[in-house]
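Residue-level structure breakdown
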Amino acid sequence: NCSASGKLFLSTWNDAKLKDFFSNPDIKKLTHNTITTFDAFKQEQKKILEKGMAYDDEENEYGLYCMCAPLQNHTGRINATIGITAPKSRLFMKDVASIETQVRTAASKISDVLIKTKCECPY
């Protein structure tokens, strides 16, 4: 719930499973940006599904920014993610849109291989 990869996987869950997850009293707020409620995650889930990528904007640790894209197999399931983590100040001095495009492109190429080989993660 506080990493880009984790949020990408959570975004595939249905509401019942998400409500159960976010009702866990052990969910910790690691920074003031950490998403810890079902309602807050539903807003984030909408953005993730629209963009096809997930982001961690200082939700796990102050100063860090992460973005990731899904690696999908022939069934359309997310097997894994690929992304980048960097100090937020340094990342935003660069061309963030270009970096996002590179992450998407890498994910697409890897997903193509997973689809062609019918690779399926057992988890």
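Look up: the structure comes first, before these words.
Parameters and conventions
- Residues numbered from 1 in each chain as written.
- Predicted model: local features only at pLDDT ≥ 70, side-chain atom pairs only at ≥ 80, totals over all residues.
- Heavy atoms only, no water.
- Core = buried A, V, L, I, M, F, W, Y, C linked by side-chain atoms within 4.5 Å.
- Buried < 20%, exposed > 50% of the residue type's maximum accessible area, 1.4 Å probe, protein only.
- Helix = DSSP H or I, 4+ residues; strand = E, 2+ residues; numbered from the N terminus.
- Contact = heavy atoms within 4.5 Å.
- Polar contact = N/O pair within 3.5 Å; in protein donor to acceptor, adjacent residues only side chain to side chain.

What follows covers the nonpolar core. Counting 13 residues, the largest nonpolar core has Met-53, Tyr-55, Tyr-65, Met-67, Ala-69, Leu-91 and Val-103 as the members making the most contacts within it. Ranked by residue count, the leading element in this core is helix α5 (residues 96-117), at 5 residues. Those residues in contact with Val-103 that lie beyond four places of it in its chain are Met-53, Met-67, Cys-68, Ala-69, Ile-82, Gly-83 and Ile-84.

Before going further, it helps to examine the side chain of Asn-79. Its location among the elements puts Asn-79 in strand β3 (residues 78-87). Residue classification places Asn-79 among the buried residues on the basis of a relative accessible area of 15%.

For the rest of this paragraph, the subject is the environment of Ser-23. The residue Ser-23 is located in the loop between α2 (15-22) and α3 (38-51) in this model. For Ser-23 and Ser-98, which are 75 residues apart along the polypeptide, the C-alpha to C-alpha distance reads 37 Å. Reaching out from Ser-23, the side chain makes a polar contact with the backbone oxygen of Asp-20 at a distance of 2.8 Å.

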